[in-house]
Amino acid sequence: MRVLGVDPGLTRCGVGVVEGVAGRPLTMIDVGVVRTPADADLGHRLVAVERGIEQWLDEHRPECVAVERVFSQHNVRTVMGTAQASAVAILCASRRGIPVALHTPSEVKAAVTGSGRADKAQVGAMVTRLLRLAAPPKPADAADALALAICHIWRAPAQNRLQQAVARHARPVPTASKAPKGHPA
């Protein structure tokens, strides 16, 4: 499976492509950051993020896009920018019919480090180790994007099995049938 991980942000949007399957060594295909100038108009920044994501989708042809789920912070401006960049990534993938998965920061940290409370340095160190890299990707947004892709590759098989089990055990809801005219129901 080839996954594009996206750590959304308006100034720095981390992107990273990882390939592999759960239980086997993973391979980093590429990593980087889509940058926009902080003083630019919001619309221009969102277009720049879109162009950057589209370029990564064109170049790497992922089977899935894993995006960090936006969570509430104290700084509303930061949350809004993150949510807007996240929506752009989701839109770009969905427009192409590429499945999108959302993972919380604590899910990603727990998947790659074993602790949902790991700091950025721990995440970077484990990404470096798991992908057999010479050094942690810089900036941290790039390492976080790779961590998202790793998390998805490892979690997707279990999530798919759960969804299939739920679907197998779901019973259809009976619908009321209409009696023909003139006959009581």
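Everything numeric in this text was worked out from a predicted model, so none of it was measured.

Draft legend 1. Structural view of the sheet that holds strand β5 (residues 100–103). Read across the open sheet, the five strands follow the order β3-β2-β1-β4-β5; overall the sheet is mixed. Bordering the open sheet on either side are β3 (27–35) and β5, each of which pairs with just one other strand. Geometrically, the sheet is characterised by an average inter-axis angle of 20° between neighbouring strands, direction not taken into account. One ladder, built from four bridges, connects strand β1 (residues 2–7) with strand β4 (residues 64–68); its direction is parallel. Each bridged residue has a counterpart across the sheet, and for Val-6 the counterpart in β4 is Val-67. Most of the contacts of helix α1 (residues 42–60) go to β3, to which it runs at about 160°, and overall it touches β1, β2 (12–19), β3 and β4.

Draft legend 2. A look at the packing of helix α3 (residues 105–113) against helix α4 (residues 120–130). Two elements in contact, α3 and α4, have axes separated by 9 Å at closest approach and are oriented at 50°. One way to sum up the angle between α3 and α4 is to call them oblique. At the point where α3 passes α4, the crossing takes the left-handed sense. Two secondary-structure elements touch here, α3 through Lys-109, Val-112 and Thr-113 and α4 through Gln-122, Val-123, Met-126 and Leu-130.

Draft legend 3. The nonpolar core, seen in detail. By size, the foremost hydrophobic cluster in this structure holds 19 residues, and its most contacted members are Val-18, Val-127, Leu-131 and Ile-150. At the level of secondary structure, the elements contributing two or more residues to this core comprise β4, α3, α4 and α5 (140–169). It is α5 that provides the largest number of residues to this core, a total of seven residues. Counting residues in each nonpolar core, the second largest holds 17 residues, with Cys-13, Val-15, Ile-53 and Ala-93 among its members.

Criteria and thresholds
- Residues numbered from 1 in each chain as written.
- Predicted model: local features only at pLDDT ≥ 70, side-chain atom pairs only at ≥ 80, totals over all residues.
- Heavy atoms only, no water.
- Pairing = 2+ DSSP bridges.
- Helix = DSSP H or I, 4+ residues; strand = E, 2+ residues; numbered from the N terminus.
- Axes fitted to C-alpha atoms, helices over the stretch in contact; angles between N-to-C directions.
- Contact = heavy atoms within 4.5 Å.
- Parallel < 35°, antiparallel > 145°, perpendicular 65-115°, else oblique.
- Left-handed = near helix turned anticlockwise from the far one by under 90°.
- Core = buried A, V, L, I, M, F, W, Y, C linked by side-chain atoms within 4.5 Å.
- Buried < 20%, exposed > 50% of the residue type's maximum accessible area, 1.4 Å probe, protein only.

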